[in-house]
Amino acid sequence: MKFKTLKDFPSDFLWGASTSAYQVEGAWNEDGKGPSVIDTSMHRPEGVTDFTVASDHYHRYAEDVELFSELGLKAYRFSIAWTRIIPDGDGQVNEAGVAFYHRLIDELLAKGIEPIVTMYHFDLPAALDDRGGWSERSTIDAFVRYARILFDEYGSKVRYWLTINEQNMMILHGRAIGTTGRSGDAPEKVIYQQNHHMFLAQARAMALCHDLLPEAKIGPAPNIVSVYPATCSPEDVIAADDWDAVRNLLYLDLAVRGSYHPLAWGYLSERGWEPEILDGDLEVLEAGRPDFIAFNYYSTQTVGASTGDSSDLQLRGGDQQIVRGEVGFYRAVKNEHLPTNAFGWEIDPVGLRTTMRRLWDRYRLPLIITENGLGAFDELVDGRVHDDYRIDYLRRHIEQIHLAISDGVGIFGYCPWTAIDLISTHQGISKRYGFVFVDRTEDELRELARVKKDSFFWYQELISSNGSTLNP
Ligand code: BG6
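Predicted model, so just to flag it, every value in this text is computed and none were measured. (Residues numbered from 1 in each chain as written. Predicted model: local features only at pLDDT ≥ 70, side-chain atom pairs only at ≥ 80, totals over all residues. Heavy atoms only, no water.)

So, the sheet that holds strand S8 (residues 301–304)
Put simply, the rule reads: Strands are labelled as partners when DSSP assigns at least two bridges between them. Under the scheme used here, helices are H or I runs from DSSP no shorter than 4 residues and strands are E runs no shorter than 2 residues, and both carry numbers assigned from the N terminus. The angle between two axes is taken between their N-to-C directions and runs from 0 to 180 degrees, where each axis is a line fitted to C-alpha atoms and a helix contributes only its stretch in contact.
Strand order in the open sheet made by the three strands is S6-S8-S9, with mixed pairing throughout. The open sheet has two free edges, formed respectively by strand S6 (227–229) and strand S9 (331–333), since each of these has just one partner strand. Here the strands of the sheet are splayed against their neighbours by 40° on average, with no regard to which way each runs. Two strands pair when backbone bridges link them, and S8 and S9 are joined in this way by three bridges, in the antiparallel orientation. Residue pairing in the sheet places Gly 304 in a bridge with Arg 331 of S9.

Structure below.
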């Protein structure tokens, strides 16, 4: 639909930005922090930096929050490292770790920035992983205990909670992003059992949040793409629906409705991958309901009916955003209407509007975008970073949010990835997303100086006008 007049962004719209603990903090073993599966994983290619220092946000958080305040952020979405709070996942609480997030949250609140807290962003404690990780039901209890500690500690300060970041990507692309830990090449049967346990953990955390913090709001944070059929052939449409169910709706239905999506369940049981469901599990899933849906959006995916052989597969596939294909299930297709970024991710701003409309239509829960952004090889030249390509990317996505608001979609915030440069999941510091440049390379830490990029000033102006400078 084309509108003559667009609705305004809500006056309390949460213009924000995002990071995650292990990608930005560094200080990986300081002040009592335990190792996570990310710290022990070997998933990075040769020559790509590790996460030990990252952007050194742990030591420079006050300077960083000052920059976020200058940027005008209304919200900051970050994650808490489970291993700072409980170094081995389910043992003693580490008071120094607890104190760090109090300091960070207090600093944000003092600047009028709403903290949006992800409880678990890929960094499962390695000690839990050594004991079987998400394959074991004891990890569910460990997560719920950790959640209780977070609610008790920070509940009077934090209104918005996200449970598990991109559970769907941990299940589908765990090897690329380094979250599989010991289970490395575990068979799908095991992986989908782990998935089931994460759903139970999430549902219990949501129920606990509502019990302990009636004023707080909590939701899941999957990575969602709209899936397009390659053509209007009915078989392609069926393939798109099938893949949508397995990649997206499985995770959303479980979180929102507390039940397995029938197409996804059919996919699992046909392959013998369905999880074991114990007495009481369905009641637990049913009892955990979110207040909103947070989702990360980078791209869309296009698929066709399976040809039944290896031509279903797209060889460049293999990370969160590149559709892979599955022989006998669906065929991966390159969408010829969309450009790609330097890392092969298709860029589809209109797809964001489509995705928001579909989510709103299906679940009618308030939405917040907790990641969206452009990974690029930024260059620092004479003290400036001219990232006009990022401004263009963000502008075109925000325009679509504006249209979706006019469509009647309920959205209350936008937190692009990232507030400040950090380490990519598997492509190092060279793949940058931030509004603030961090001066370091893969192998040289330099001074880690912070430099405002051109996109910083652009976003600052956009926020201060509540979106009205979008189309001057
Ligand atoms: C999401 C993750 O998958 O995408 C982030 O939640 C990640 O942790 C982001 O960094 C961008 O992906 P990448 O692989 O470019 O770092």
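As for the site of the ligand
For clarity, the threshold we go by: We call a residue near a molecule or strand whenever a single non-hydrogen atom of that residue lies within 4 Å of it. Any pair of N or O atoms that falls within 3.5 Å is considered a polar contact. Within protein, one atom must be able to donate a hydrogen and the other to accept it, and sequence-neighbouring residues count only if both atoms are side-chain atoms. Both site types are read off a 1 Å grid over the protein atoms alone. A 1.4 Å probe that fits but cannot get out defines a cavity, while an open set with protein on both sides within 12 Å along at least five of seven lines defines a pocket; lining residues have an atom within 4 Å of a point. To qualify as sitting in a cavity or pocket, a molecule needs more than half of its atoms within 2 Å of the grid points. Under the scheme applied, nonpolar residues are Ala, Val, Leu, Ile, Met, Phe, Trp, Tyr, Cys and Pro; charged residues are Asp, Glu, Lys and Arg; polar residues are all the others, including Gly.
Residues in close proximity to the ligand total 16 residues, the closest being Gln 23, Glu 166, Thr 425, Lys 431 and Tyr 433. Within the side chain of Glu 166, an N or O atom sits 2.5 Å from an oxygen atom of the ligand. One of the side-chain N or O atoms of Gln 320 is found 3.0 Å from an oxygen atom in the ligand. Mapping the ligand onto the cavity grids shows that it belongs to the largest cavity. Partitioned by chemical class, the residues of the shell around the ligand number five nonpolar, eight polar and three charged.

Description of the environment of Thr 354
Note the threshold: By definition in these notes, contact holds between two residues if any of their heavy atoms fall within 4.5 Å.
Relative to the assigned elements, Thr 354 resides in helix H13 (residues 349–363). In the structure, Thr 354 is positioned 96 residues away from Arg 450 in sequence and 36 Å away in space, judged by C-alpha atoms. Thr 354 has contacts with Ser 226 and Tyr 228, leaving out every residue within four places of it along the chain.

Focus: helix H3 (residues 57–71)
Every α-helix winds through 3.6 residues per turn, so residues three or four apart in the chain are directed the same way. Our working rule: The span expected for a helix works out to 1.5 Å for each residue beyond the first. For a residue, the bend is simply the angle between two axes, fitted respectively to the seven-residue segment ending there and the seven-residue segment starting there.
For H3, which comprises 15 residues, the first-to-last C-alpha distance of 17 Å sits more than 12% below the rise-based estimate of 21 Å (1.5 Å per residue). Considering bend angle alone, the principal kink of H3 is centred on Glu 63 and spans about 40°. Residue Gly 72 follows H3 closely and has a positive phi angle near 95°.

A short note on the side chain of Gln 314
As a reminder of what qualifies: Three labels apply to residues, based on accessible area from a 1.4 Å probe with only protein chains included: buried if under 20% of the type maximum, exposed if over 50%, partly exposed otherwise in between.
By secondary structure assignment, the location of Gln 314 is in the loop between S8 and S9. Looking at Gln 314, the relative accessible area reads 12%, which means it is buried. Looking at Gln 314, its side chain comes within polar contact range of the main-chain oxygen of Val 323, at 2.9 Å.

A closer look at unusual backbone geometry
Each neighbour pair has its own omega, and for Trp 417 with Thr 418 the value is 10°, a cis peptide bond. In this fold, Thr 418 is placed in the loop between strand S11 (411–414) and strand S12 (436–438). Although it is not a glycine, Ala 54 adopts a positive phi angle of roughly 50°. If you check the backbone angles, Asn 466 has positive phi at about 50° while not being a glycine. Secondary-structure assignment places Asn 466 in the segment after helix H15 (454–464). By relative accessible area, Asn 466 is classed as partly exposed at 23%.

Note that every value here comes from positions in space, so none of it alone points to a role or purpose.
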